[in-house]
Amino acid sequence: MARMAKLILFLIITNIISAPVSAQDLPLAAAPEANAFLDVYFKHKETFVDDIRVDEIKVKNRKNIRAVAVKPINAIPLHTTILLDISGSQHEHANEMRRLYLEMINALPLQSVDAVRLIYFNDRIRDIRNITPSRSLLLKGLDNNRFMGDTKLYDAIYYACRTLTDNPESRKVMIILSDGSDAGSSKSIEEAYREAIANNIRVYMFMIINERVHYWFSLGMIDLGYGKQKKHIERTGGKVIMVSNSETAGEPFMQIMDEWSHLKRILLCVDTYGKPASGLKISVSRKGVKAYHPSTPQFIAGASSYNDSD
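(A) Structural view of the environment of Ser 170. Note that Ser 170 resides in the loop between α4 (153-163) and β8 (171-178). Under the relative-accessibility criterion, Ser 170 is labelled buried at 2%. Spatially, the C-alpha atom of Ser 170 lies 9.9 Å from that of Asn 74, the residues being 96 residues apart in sequence. Residues contacting Ser 170, with those up to four places away along its chain left out, are Ile 76, Pro 77, His 79 and Arg 265.

(B) Highlighting the confidence of the model for the protein chain. Residue-level pLDDT values for the protein chain average 78, and 76% of them are 70 or greater. Per-element averaging of pLDDT across the protein chain places helix α1 (residues 2-18) at the bottom with 37 and strand β2 (residues 47-48) at the top with 95. Note on residues 1-32: pLDDT under 50 across the span, and 13 contacts to partners over four residues away in sequence or across chains. Below a pLDDT of 50 lies the segment residues 304-310, which in the model reaches 13 contacts outside its immediate sequence neighbourhood of four places, other chains included.

(C) Inspection of the nonpolar core at higher detail. With 30 residues, the main nonpolar core has Leu 108, Ile 175, Leu 177, Phe 206 and Trp 260 as its most contacted residues. When contributions to this core are tallied by element, the ones reaching two or more residues are β5 (78-85), α2 (94-107), β6 (115-121), β8, β9 (201-208), β10 (239-243) and α8 (246-261). Top element by residues in this core is α2. It accounts for six residues. Ignoring any residue separated from it by four or fewer positions in sequence, one finds Leu 177 in contact with Leu 83, Leu 84, Asp 85, Met 97, Leu 100, Tyr 101, Met 104, Phe 206 and Ile 208. Residues Ala 160, Ile 201, Met 207 and Met 242 belong to the second largest nonpolar core, which totals 25 residues.

(D) Representation of unusual backbone geometry within the structure. Here Lys 45, not a glycine, exhibits a phi torsion of approximately 60°, which is positive. Tracing the backbone through its elements, the reader meets Lys 45 in the loop between β1 (36-44) and β2. Backbone geometry places Asn 200, a non-glycine residue, at a positive phi of 60°.

(E) Region of the structure containing empty space enclosed by the protein. Counted according to the given criterion, the structure contains one cavity of 30 Å³ or more. Its volume calculated, the largest cavity comes out at about 50 Å³. As for the largest cavity, its lining consists of Asp 39, Arg 171, Lys 172, Asn 200, Arg 202, Leu 263 and Pro 294. Looking at the lining of the largest cavity, its residues break down into two nonpolar, one polar and four charged.

(F) Structural context of the pairing of β6. Most of β6 sits out of view: seven of its seven residues are buried. With seven bridges joining them, β5 and β6 adopt parallel strand pairing. From the neighbouring strand, His 79 faces β6, where its bridge partner is Ala 115. Read as a crossover between parallel neighbours, the route from β5 over α2 to β6 is right-handed. Of the strand pairs in this sheet, β6 and strand β7 (residues 125-132) are connected by five bridges, and their pairing is antiparallel. Counted as the bridge partner of Val 116 is Thr 132 from β7. Connecting β6 to the antiparallel partner β7 that follows it, the hairpin turn spans three residues.

(G) Seen up close, the layout of surface pockets. Taken as a whole, the largest pocket encloses approximately 590 Å³ of empty space. If you trace the largest pocket, you find 28 residues lining it, with Tyr 41, Gly 237, Lys 239, Tyr 292 and His 293 closest to the centre. Breaking the lining of the largest pocket down by element, the ones donating at least two residues are β1, α7 (226-233), β10, α8, β12 (281-284) and β13 (289-292). Class assignment of the residues belonging to the lining of the largest pocket gives a composition of eleven nonpolar, six polar and eleven charged.

(H) Spotlight on the packing of aromatic side chains. Counted according to the given criterion, the structure contains five aromatic pairs. Here the aromatic rings of Tyr 204 and Trp 260 are separated by 6.1 Å at their centres, their planes lie at 65°, and the arrangement is edge-to-face. In this pair, Tyr 204 sits in strand β9 while Trp 260 sits in helix α8, placing the two residues 56 residues apart along the sequence. A single burial state applies to Tyr 204 and to Trp 260, both of which are buried. Taken together through their ring pairs, the aromatic side chains of Tyr 204, Phe 206, Phe 253 and Trp 260 make up a single cluster. Stacked on the ring of Tyr 158, the Lys or Arg Lys 187 has its end atom at 4.3 Å from the ring centre. Looking at Arg 265, its charged tip hangs above the ring of Phe 37, at a distance of 3.9 Å from the centre.

(I) Broad picture of the sheet that holds β6. Read across the sheet, six strands follow the order β7-β6-β5-β8-β9-β10 without closing on themselves; strand pairing throughout is mixed. Among the strands making up the open sheet, the edge pair consists of β7 and β10. Here the strands of the sheet are splayed against their neighbours by 15° on average, with no regard to which way each runs. In the packing of α7 onto the sheet, the strands contacted are β9 and β10, and the crossing angle to β10 comes to about 150°.

Thresholds, definitions, all that
Residues numbered from 1 in each chain as written. Predicted model: local features only at pLDDT ≥ 70, side-chain atom pairs only at ≥ 80, totals over all residues. Heavy atoms only, no water. Helix = DSSP H or I, 4+ residues; strand = E, 2+ residues; numbered from the N terminus. Buried < 20%, exposed > 50% of the residue type's maximum accessible area, 1.4 Å probe, protein only. Contact = heavy atoms within 4.5 Å. pLDDT = per-residue confidence, 0-100. Core = buried A, V, L, I, M, F, W, Y, C linked by side-chain atoms within 4.5 Å. 1 Å grid on protein atoms, 1.4 Å probe; cavity = no way out; pocket = protein on both sides within 12 Å on 5 of 7 lines; lining within 4 Å. Points joined across faces, edges and corners; volume = space filled by probe spheres on them. Nonpolar A, V, L, I, M, F, W, Y, C, P; charged D, E, K, R; others polar. Pairing = 2+ DSSP bridges. Right-handed = clockwise from strand over helix to strand, strands pointing away. Phe/Tyr/Trp six-rings, centres within 6.5 Å; stacked < 30°, edge-to-face > 60°. Lys NZ or Arg CZ within 6 Å of the ring centre and 35° of its normal. Axes fitted to C-alpha atoms, helices over the stretch in contact; angles between N-to-C directions.

As structure tokens, then:
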């Protein structure tokens, strides 16, 4: 009888110890059915929320998709491509462009596993610094550049997206320093940003204009293509920031890096074959908390329930 009582007590204690383990605490191997993911950050008003549980996440209007795990992705390498517009339209902003680039490189929290690529573009696209974690090499990237020629912005975005496809397990970010105009690209704005969305690349554009034009923009007198860029860039999970100098860009850039540090990777199970439609939305059952993420899930190659056919 005493032995039976001890056995019952042991089972009760074991059950109590095991109870707090939740889905996001389990290793990836414990959720083999996960075959896609979204990189998401959560906010309540202006505060990041980092303790979201998988049972709080609901996939809207997609019965064949469910969240199976949540994992922080701070340890995943950050791969960044910086696109620098050196076309003639940016000639008057050349000094601000250089200063802003240097301040961004100095502010980036680069670790040995991280890497940055610098690409110049006007009517040509040139890799100035191939992917490297070396801050000193990146700081030399502005040597001997001349601001002239047309602006093949969309071709440059499309090309830059292709340079980031080799790193599927990284956090992929594109930073564009430009006025947002395009002249002569063979790719459309839709094609350029569709490539970013398909490869889980967050795009951030710093539109650099002078103070006088910035004033007109603030009064709603001119648009400068801001609305068109904003519409497409926000679908990648990124933002468009209008700035007149490097000082006005500093705070938004720090906020962007804060978002990167709070990203979570939501692992998804897709029960039916083929890729789900774009426009995927998730919600959180916790009151007031919103999820911010790209709309297209990224598939994990080789997952058991994923088939590349339609």
